[in-house]
Amino acid sequence: MLKQFEQQWGQKIMTTKPLQVAIEKKIKAGQKAFIPYIMAGDGGLKAIRKQILFLQNEGVTAIELGIPFTDPVADGPVIQEAGSRALKEGANLKVILNEMAQFKEDIQVPLIIMSYLNPILAYGIEKFVAKCEEVGIAGLIIPDLPVEESEMIRSKLITSPVALVQLVSLTSPQNRIEKIAKAAEGFIYAVTVNGITGVRNEFGKSLDEHLHNLKEISNIPVLAGFGISTPEQVEKIGAMADGVIVGSAIVKAFHEGNESAIKALLPKVVVND
Amino acid sequence: MVKELSEQKAGRYGKFGGQFVPETLMTALNELETAYDEATKDPSFHEELQYYLKDYVGRENPLYYAERLTKKIGGAKIYLKREDLNHTGAHKINNALGQALLALRMGKKKIVAETGAGQHGVATATVCALFDLECVIFMGKEDVRRQALNVFRMELLGATVVSVDQGGGTLKDAVNEALRYWVTNVEDTHYILGSALGPHPFPRIVRDFQRVIGDETRKQILEKEGRLPNAIVACVGGGSNAIGMFHPFVNDESVKLYGVEAAGSGIQTGLHAAAFAELKEGVLHGAYMYLLQDDNGFIQEAHSISAGLDYPGVGPEHCYLHDIGRVKYSSVTDDEALEGLKLLSRTEGIIPALESAHAIYRAAEIAKEMKPDEILVICLSGRGDKDVETVRAAMGAENHDN
């Protein structure tokens, strides 16, 4: 009883951002959230619109939009190579946001920007947040910004609809997980492996327990990501969490022009709504 | 008054430093910080470190009065701190040894490291052989080519050397790959970062293991001259030999400190490694620091004839020392460094590492303007054997026209 009361009370006083609302809507409908990742500018700047609209049409919950960077330390070979191709196409945070402003009216699906910190610092944090709001960005994932350093961005988002998504890893001890869960907005990004993004054949046995524990602690949805690349993994890991994020497999499929591979990855429960 | 130089908040040097890393590494960094704090309070750790520094590395190394160089320059009395005489030929072993002992305390039996010139890689492979630790070294493709002999040395010592093709194939790219490897193997692996860079607590740990350079210098100059030097000069890539040398003198206002970065082909050509020449702040490899980058925040490749200075950033404590004006930073071109190398080789019979040659060139200029009763110390961070091929290629045209 008490726990239930606390949870209700806790939720009430928390600022709920639109990204969280969109994901919870999916969960309340008995479905799993599915968030694909694309590398903005891979295939040219014009491919951004095409890829977003394709995924939106497939009924994905939200889309993670990767910003290419020269030194992507959290990424594996597939996304590194996609990033290099995007850099060669002249993609950077500024031109990507300007490109997206061109077709913002066509976008209904929540968009999450995944960028390393330095391009955001170079853009200017306040200017960047303002531009995100203008384009209608729902969330930010900054892989090299742990919760201890996040104040520089978090403080600029207090009154903003933009959510700062926080990552939790398998190595995070319980007290850290609690600290991160308190600060988290939108959803919690549960990193499912020790490592970088990319294809994995196996996941640790403790993953089920880890995700279960996270869901117990968190008041907001818990989505699993890193290394999820097959329809079986989407189903299996999706069952342990509120949904999944798929990166490298989507990036690879778009690069190879294999859109049917993307459709195969979408969880069976996803229907257009 | 010299301003308070201790870290103002954990891992911060003024606004520089911090821990900008993926969440997966945060626990490892916290563990490392705890293990390091415990080690520093444990007398047996210091005893063990001292034992190996003395009987294995060969410390203390000399503070040598370079009499012929002094006469040739005709200014201040020049001393050389002979880090080149350490086992493995550079200052890098001081830190590699300390961190390997830390890894043993943490129960980690695997080591990963990056290397540029190969000196840190050789030092790491050496201590891994000494303590029976598994060792993987990441090295940029371009550096593997430039430093083939050091690659072979590491392999002889039992290390696995992985050539990194990504990016420009230099030190920055090797750090990226080492970090990726560490994220993937964090539970049983310690990352021996080689410079005063990266996320907290690395800049502090590396500085503390390198401050033996400055501590010995201070003691030796007091013994020889009965007073502190007027000036100290050290080369700065990431900045480990310089911070180790400077740290014990930072509160001695009478001692002028000079850091020398690599100007490569010249600052105006854009092909250099001098972060202080552009003063652009940013985040790379876990730390907020001055960093070579373009307007989009993309990191630029550094350029220098010396692989060890070929890094686009500069350690966070140096950034702070720059901003408060305690250390004066400047840069020296490839050609000037070659002049420095020739100068020391011919006046003293010591072939310095190309990295150290940057410090020698600038020190000669500074010493010239000083009085004969003043003292200048150069940190001779490493010996030049590893660079002989590079130097021969660079000087070949002028010396062997036939």
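Just so it is clear, the structure is predicted and the values come from calculations on it, not from any experiment.

**Describing the overall build of chain B**
- Tallying secondary structure elements over chain B gives 16 helices and 14 strands in all.
- In terms of overall dimensions, chain B is globule-like: its C-alpha atoms have a radius of gyration of 20 Å, near the 21 Å expected for 402 residues.
- If one aligns the C-alpha atoms of chain B with their principal axes, the spans along those axes are about 55 × 50 × 45 Å.
- Counting the 402 residues in chain B, one finds 64% classified as buried.
- Looking at chain B alone, contacts between residues at least 24 apart form 74% of all its contacts between residues at least 6 apart.

**Section: the sheet that holds strand β12 (residues 286-290) of chain B**
All names here are of chain B.
- Read across the sheet, four strands follow the order β1-β2-β12-β11 without closing on themselves; strand pairing throughout is antiparallel. Unpaired on one side and paired on the other, β1 (12-13) and β11 (281-284) mark the two borders of the sheet.
- The pairing of β11 with β12 spans four bridges and is antiparallel. Bridge pairing in β12 links G282 to M289.
- Contacting β1, β2 (16-20) and β12, helix α13 (residues 316-323) crosses the sheet at an angle of about 30° to β12.

**Remarks on the nonpolar core**
- In terms of nonpolar packing, the biggest core is built from 194 residues, with I52, M100, L140, I153, F187 and L211 of chain A together with W182 of chain B touching the most fellow members.
- Sequence-distant contacts of I153 of chain A, that is, excluding residues within four places in its chain, are made with L117, I120, I125, L140, I142, L145 and L164 of chain A.
- A66, V260, A337 and A359 of chain B belong to the second largest nonpolar core, which has 38 residues in total.

**Brief notes about the pairing of strand β4 (residues 137-141) of chain A**
Residues and elements named next belong to chain A.
- Taken across its five residues, β4 has five buried, putting it largely inside the fold.
- One ladder, built from four bridges, connects strand β3 (residues 111-114) with β4; its direction is parallel. Residue L111 lies in a different strand from β4, and its bridge partner there is I137.

**So, the environment of E105 of chain A**
- Turning to its location among the elements, E105 of chain A is positioned in the loop between α5 (93-102) and β3.
- Considering only alpha carbons, one finds E105 of chain A and N57 of chain A, 48 residues apart in sequence, at a separation of 15 Å.

**What to know about the interface of chain B and chain A**
- Each partner contributes to the interface: chain B provides 33 residues, whereas chain A provides 36 residues.
- Buried surface at the junction of chain B and chain A, both sides included, amounts to about 2700 Å², of which 53% is carbon and sulfur.
- Among the residues of chain B in contact with chain A, E23, R180 and F298 of chain B are the three that bury the most area, contributing 26% of the side total.
- For the pair chain B and chain A, the interface holds three salt bridges.
- One salt bridge in this structure joins K172 of chain B and D71 of chain A, with 2.8 Å as the shortest N-O distance.
- The tally of links between chain B and chain A comes to 17 residue pairs in polar contact (both at pLDDT 80 or more).
- Ranked by the residues each element gives to the side of chain B that touches chain A, the list is headed by helix α8 (residues 171-184) of chain B, at seven residues.
- Class assignment for the residues of the side of chain B that touches chain A results in 13 nonpolar, 13 polar and seven charged.

**Here we look at the state of the cysteines**
All names here are of chain B.
- Within this structure, the stated rule accounts for zero disulfides over all chains.
- Lacking any disulfide linkage, C235 is separated from the closest cysteine sulfur, that of C379, by 7.1 Å.
- What makes C235 buried here is its relative accessible area of 3%.

**Focus: the sheet that holds strand β5 (residues 163-168) of chain A**
Residues and elements named next belong to chain A.
- Taken together, the eight strands give a closed barrel; going around it, the order is β1-β2-β3-β4-β5-β6-β7-β8, and neighbouring strands pair in parallel fashion. This sheet shows a mean twist of 25° between the axes of neighbouring strands, independent of strand direction.
- Contacting β1 (33-39), β7 (222-225) and β8 (243-246), helix α11 (residues 231-240) runs over the sheet at an angle of about 140° to β8.

What counts and how
- Residues numbered from 1 in each chain as written.
- Chains lettered and ligands numbered in written order.
- Predicted model: local features only at pLDDT ≥ 70, side-chain atom pairs only at ≥ 80, totals over all residues.
- Heavy atoms only, no water.
- Helix = DSSP H or I, 4+ residues; strand = E, 2+ residues; numbered from the N terminus.
- Rg over C-alpha atoms; globule rule 2.2 N^0.38 Å.
- Buried < 20%, exposed > 50% of the residue type's maximum accessible area, 1.4 Å probe, protein only.
- Contact = heavy atoms within 4.5 Å.
- Pairing = 2+ DSSP bridges.
- Axes fitted to C-alpha atoms, helices over the stretch in contact; angles between N-to-C directions.
- Core = buried A, V, L, I, M, F, W, Y, C linked by side-chain atoms within 4.5 Å.
- Buried area = accessible area lost by both parts, 1.4 Å probe.
- Salt bridge = Lys/Arg side-chain N within 4 Å of Asp/Glu carboxyl O.
- Polar contact = N/O pair within 3.5 Å; in protein donor to acceptor, adjacent residues only side chain to side chain.
- Nonpolar A, V, L, I, M, F, W, Y, C, P; charged D, E, K, R; others polar.
- Disulfide = S-S within 2.5 Å.

The analysis is restricted to geometry; functional conclusions fall outside its scope.
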